[in-house]
Amino acid sequence: MSDVFEKVMDLAKRRGFIWPTSECYGAVAGFIDYGPLGAMMKRRVENIWRDFYVIQEGYYEIECPTIAQESVFIASGHVKGFSDKMCQCPHCKEFLRADHVAEAGGVKNPSIMKNEDLAAAIASCKCMACEEELGTVEVFNFNLMFQTTIGPGSQRVGYLRPETAQGMFVDFARLLRFYRDKLPFGAIQIGKSYRNEISPRQGMIRLREFTQAEAEIFVHPDEKNCHPSFRRYADYTMPLLTYVQQEKCEEAVPMSMREAVDKGVIANEYLAYYVALTHQLLVTIGIKPERLRFRQHLPDERAHYATDCWDAEIRSDRFGWVETVGLADRTDYDLNAHAKESGTPMTVFIQYDEPKKVARRRIIPNMSVLGKQYRTKAKAIFEALAVASPTADGADVEVDGETIHIPADLFEVRDEIIDVRGEEIVPHVIEPSYGIDRMCYAVLEGAYDEDVADGESRTVMRFSPNVAPIQVAVFPLMTRDGLEEIADTITRSLHKAGILAEYDDSGAIGRRYRRQDEIGTPFAITVDYDTKEDRTVTLRDRDSMKQVRIAIDKVPATVCALVDGSQKFAELE
RNA sequence: GCAUCGAUGGUCUAGUGGUAUGACUUAAGCCUUCCAAGCUUAUAGCCCGGGUUCAAUUCCCGGUCGAUGCACCA
């Protein structure tokens, strides 16, 4: 049985969208090549993404290496948390999650056990695949990160990044300076990430190397409900599938963002804003709204750092609802983790409107006496005194396990009122994270269509004009009488206007239209004999197959307007 | 990774222990005044490695890739 997935992937392979990688050596699962049209389409999708995040939101793009040193991923938790404890069944050779086997066998807290202990604990458990008792097995960590070494001698461990996000976190201090020490600000990155999936399947849905587009938006934790442009999307309405509804097996309910925030369905304005923006972005690249929903993570499904998390899911005929975008409130988890691991503070100084008067007690020791009296212990006493709670007759401080009484005349207690001008806070991070490859797949699957034209079946990719790899085709009706020259001139005028136009004069005109239909070229210009009389050409619409005549001079501007969506073909009729 | 099934020009396919059929596509030419028309010609293929055999695309074993189920994963 041939479903849309098979048809669309077959077309993608044939027409140069997606290829298995390094086919001449035998492809490798989990890796794909984007062919000429696929790479073009992917770039258009990425550029639409940039239109939203860089131009509309003003978050600049940065570009970090795909390899980072181990410390980065120790801090992020990926070295520890991104690996699974696995074992192999000695009977059926099946690889199993050791902690899952343990849980099924009634072992408590397997996730915190050491590998050796876990191996011992599951010896009497049964294999989930063949039901045999496991016996002696080795438990090992399988980390989903690709490991490598940096430099000669295999001295330094490096990993291929499993997400682009960490680059924005480790650059936090630089970014903060760039944005002149003010919240909120954001940074984005589009790039490759790598996960050594145990068993990649499903074509381009789960890849070992994939392209992510992520935004990290740094915001004051108290201002998550004060998005400065929230009004833009306050009335934006879309179906939301909350975790409560999921538990009751109910359907998604349409709701405006204002309502979702007010009812506490979405945790805050920032998250709601990017939920709406994501919906708009996906519709812009041609995803049909009826194939789109936003699903909230169940509480036990959330990553350890996230408080609220929503996935944009796109319905695929083959794969069902596919998670394509993740929108998470990562709180201050990442910045705290990197601050601790690196020793670099990752805070923002927030100045108060008015300095606050704060009462503070300072203990000022008389060091000239203390120093002489206590010699080598004096420094420790000095530090201990600063946090001591003195009474009228002095203070007891503990130094090296010894309690020393410091008489009251050896220090001065000064209670003072000082001005506090602000505070250091750790920003929270709102993270929209897009799987570009999955978006591209959704665009391909959603565009695929077969219809009947003049009694013949026609395969047509109904791409939105803004993502179609080739934007317009130019044909001379006949390859003679100077029609080719006119068509060639028009092609070049389109190139000059930044339009990717393809000239084609091979074969019958109908065949040329069908060829372009199959790769989703939205418009075609045909030069015919009338062109020589009145300097007009026909402009043909891929979806309706209708034609209008327009003047040659207006071709570039008209095609530009049609491609960017500011004009509809129907308006020209 | 396990199990089952599969793999023949770019695509779909026929067939075989003795190098392969047909169609579509593509290219060149002829023809052609708007939706895969026609004619001529050309290009192009048995997934990889090993074994059995005089000879393997075909039979056997192993692998790769793909589909499905399990497991895993988002």
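Residues numbered from 1 in each chain as written. Chains lettered and ligands numbered in written order. Predicted model: local features only at pLDDT ≥ 70, side-chain atom pairs only at ≥ 80, totals over all residues. Heavy atoms only, no water.

Draft legend 1. Highlighting the domain arrangement of chain A. With domains assigned, chain A is organised as domain 1 (4-69 + 149-335 + 429-435), domain 2 (83-143), domain 3 (351-423) and domain 4 (470-572). Its C-alpha centre places domain 3 at a distance of 83 Å from the equivalent point of domain 4. (Domains from an automatic or database assignment.)

Draft legend 2. Up close: the pattern of salt bridges. What the rule picks out here adds up to 36 salt bridges. Put simply, Glu-518 and Arg-15 hold a salt bridge, and the shortest N to O gap is 2.6 Å. Remark: Arg-15 occurs in the loop between α1 (4-14) and β1 (18-20) and Glu-518 occurs in helix α18 (residues 509-518); sequence separation between them is 503 residues. Across the pair Arg-295 and Asp-311 runs a salt bridge whose closest N-O atoms are separated by 3.9 Å. Here Asp-311 lies in strand β15 (residues 309-316) and Arg-295 lies in strand β14 (residues 292-296), a separation of 16 residues in the sequence. Here Arg-295 and Asp-311 have matching classes, each one buried. (Salt bridge = Lys/Arg side-chain N within 4 Å of Asp/Glu carboxyl O. Helix = DSSP H or I, 4+ residues; strand = E, 2+ residues; numbered from the N terminus. Buried < 20%, exposed > 50% of the residue type's maximum accessible area, 1.4 Å probe, protein only.)

Draft legend 3. Geometry of the protein's contact with RNA strand B. Close contacts around RNA strand B come from 43 residues, with Arg-97, Arg-206, Arg-318, Glu-323 and Tyr-513 the closest. Backbone atoms, meaning sugar and phosphate, form 56% of the atoms of RNA strand B found within 4 Å of the protein. Note that a phosphate oxygen of RNA strand B is positioned 3.4 Å from one of the backbone N or O atoms of Ala-29. Between RNA strand B and the protein, one listed contact pairs a base nitrogen with a backbone N or O atom of Met-545 at 2.8 Å. Contributing elements (two or more residues each) for the surface near RNA strand B: α1, β6 (95-97), α18 and β27 (536-541). Broken down by element, the surface near RNA strand B gets its largest block of residues, six residues, from α18. Across the surface near RNA strand B, the residue classes tally to 14 nonpolar, eight polar and 21 charged. (Near = heavy atom within 4 Å. Polar contact = N/O pair within 3.5 Å; in protein donor to acceptor, adjacent residues only side chain to side chain. Nonpolar A, V, L, I, M, F, W, Y, C, P; charged D, E, K, R; others polar.)

Draft legend 4. Broad picture of the nonpolar core. Membership of the largest hydrophobic core comes to 75 residues, with the highest contact counts inside it found for Phe-17, Tyr-53, Leu-240, Ile-266, Tyr-274, Ile-285 and Phe-463. Top contributing element to this core by residue count: helix α12 (residues 269-284), with 10 residues. Counting residues in hydrophobic clusters, the runner-up holds 22 residues, among them Val-472, Ala-501, Phe-523 and Leu-562. (Core = buried A, V, L, I, M, F, W, Y, C linked by side-chain atoms within 4.5 Å.)

Draft legend 5. Seen up close, the packing of helix α17 (residues 483-496) against helix α20 (residues 555-564). Two elements in contact, α17 and α20, have axes whose closest approach is 9 Å; the angle formed by their N-to-C orientations is 50°. Relative to α20, α17 is oriented oblique. Between α17 and α20 lies a crossing of right-handed hand. Across the interface between the two elements, Ile-490, Ser-493 and Leu-494 from α17 touch Val-555, Pro-556 and Val-559 from α20. The residue makeup of the contact of α17 with α20, split by class, is five nonpolar, one polar and no charged. (Axes fitted to C-alpha atoms, helices over the stretch in contact; angles between N-to-C directions. Parallel < 35°, antiparallel > 145°, perpendicular 65-115°, else oblique. Left-handed = near helix turned anticlockwise from the far one by under 90°. Contact = heavy atoms within 4.5 Å.)

Draft legend 6. Looking closely at the packing of helix α2 (residues 36-56) against α12. Following both chains from N to C, one finds α2 and α12 inclined at 145°, their axes separated by 9 Å at the closest point. Relative to α12, α2 is oriented so that their crossing is right-handed. Each of Ile-48, Trp-49, Phe-52, Tyr-53 and Gln-56 in α2 lies in contact with α12, whose residues at this interface are Tyr-273, Tyr-274, Leu-277, Thr-278, Gln-280, Leu-281 and Thr-284. Partitioning the contact of α2 with α12 into residue classes produces eight nonpolar, four polar and no charged.

Draft legend 7. Spotlight on a negative patch on the surface. On the surface, Asp-222, Glu-223, Glu-423 and Glu-424 cluster together to form a negatively charged patch. Mapped onto the elements of the fold, Glu-424 is located in strand β20 (residues 411-425). (Patch = residues over 30% accessible without salt bridge, like charges linked within 9 Å, V, L, I, M, F, W, Y side chains within 5 Å. Areas by Shrake-Rupley, 256 points an atom, 1.4 Å probe, with all protein chains shown as cover. Lys, Arg positive; Asp, Glu negative; His and termini not counted. Charge placed at Lys NZ, Arg CZ, Asp CG, Glu CD.)

Draft legend 8. Fine view of the packing of aromatic side chains. What the rule picks out here adds up to 22 aromatic pairs. Centre to centre, the rings of Phe-146 and Tyr-194 are 6.5 Å apart; their planes meet at 85°, and the pair counts as edge-to-face. Residue Phe-146 is found in the loop between β7 (140-143) and β8 (147-150), and its partner Tyr-194 is found in strand β10 (residues 185-194); the two are separated by 48 residues along the sequence. Arranged with centres 5.4 Å apart and planes meeting at 70°, the rings of Phe-475 and Tyr-513 form a pair that is edge-to-face. Taken together, the residues Phe-475 in strand β24 (residues 472-476) and Tyr-513 in helix α18 connect sequence positions 38 residues apart. Like Tyr-513, Phe-475 is buried. Aromatic rings pair up to connect Trp-49, Tyr-53, Tyr-233, Tyr-236, Tyr-273, Tyr-274 and Tyr-434 into one cluster. Lying across the ring of Tyr-34, Lys-42 places its NZ or CZ 5.1 Å from the centre. (Phe/Tyr/Trp six-rings, centres within 6.5 Å; stacked < 30°, edge-to-face > 60°. Lys NZ or Arg CZ within 6 Å of the ring centre and 35° of its normal.)

Draft legend 9. The arrangement of the sheet that holds strand β12 (residues 237-241) in detail. Taken in spatial order, the nine strands make up an open sheet running β3-β10-β11-β21-β16-β15-β14-β12-β13, and their pairing is mixed. Here the strands that pair on one side only, and so sit at the sheet edges, are β3 (60-61) and β13 (253-256). Here β14 pairs with β15 via five bridges, running antiparallel. The residue bridging Phe-294 from the neighbouring strand is Ala-312, located in β15. Docked against the sheet, helix α16 (residues 436-447) engages β11 (209-219), β15, β16 (320-331) and β21 (428-435), running at close to 45° with respect to β21. (Pairing = 2+ DSSP bridges.)

Draft legend 10. Region of the structure containing the sheet that holds β6. The three strands are arranged β6-β5-β7 in an open sheet whose pairing can be described as antiparallel. Both edges of this open sheet fall to β6 and β7, since each of them pairs with a single strand only. Neighbouring strand axes in the sheet, compared pairwise and without regard to direction, differ in orientation by 50° on average.

Draft legend 11. Structural context of empty space enclosed by the protein. For the coordinates displayed, the defined rule picks out one cavity of 30 Å³ or more. Volume-wise, the largest cavity comes out at about 100 Å³. For the largest cavity, the lining is made up of 14 residues, of which Ile-314, Arg-315, Ser-316, Ala-442 and Glu-445 are closest to its centre. Taken together, the elements giving at least two residues each to the lining of the largest cavity come down to β15, β16 and α16. Among the elements that make up the lining of the largest cavity, the one with the highest residue count is α16 (five residues). Taken together, the residues of the lining of the largest cavity sort by class into five nonpolar, four polar and five charged. (1 Å grid on protein atoms, 1.4 Å probe; cavity = no way out; pocket = protein on both sides within 12 Å on 5 of 7 lines; lining within 4 Å. Points joined across faces, edges and corners; volume = space filled by probe spheres on them.)

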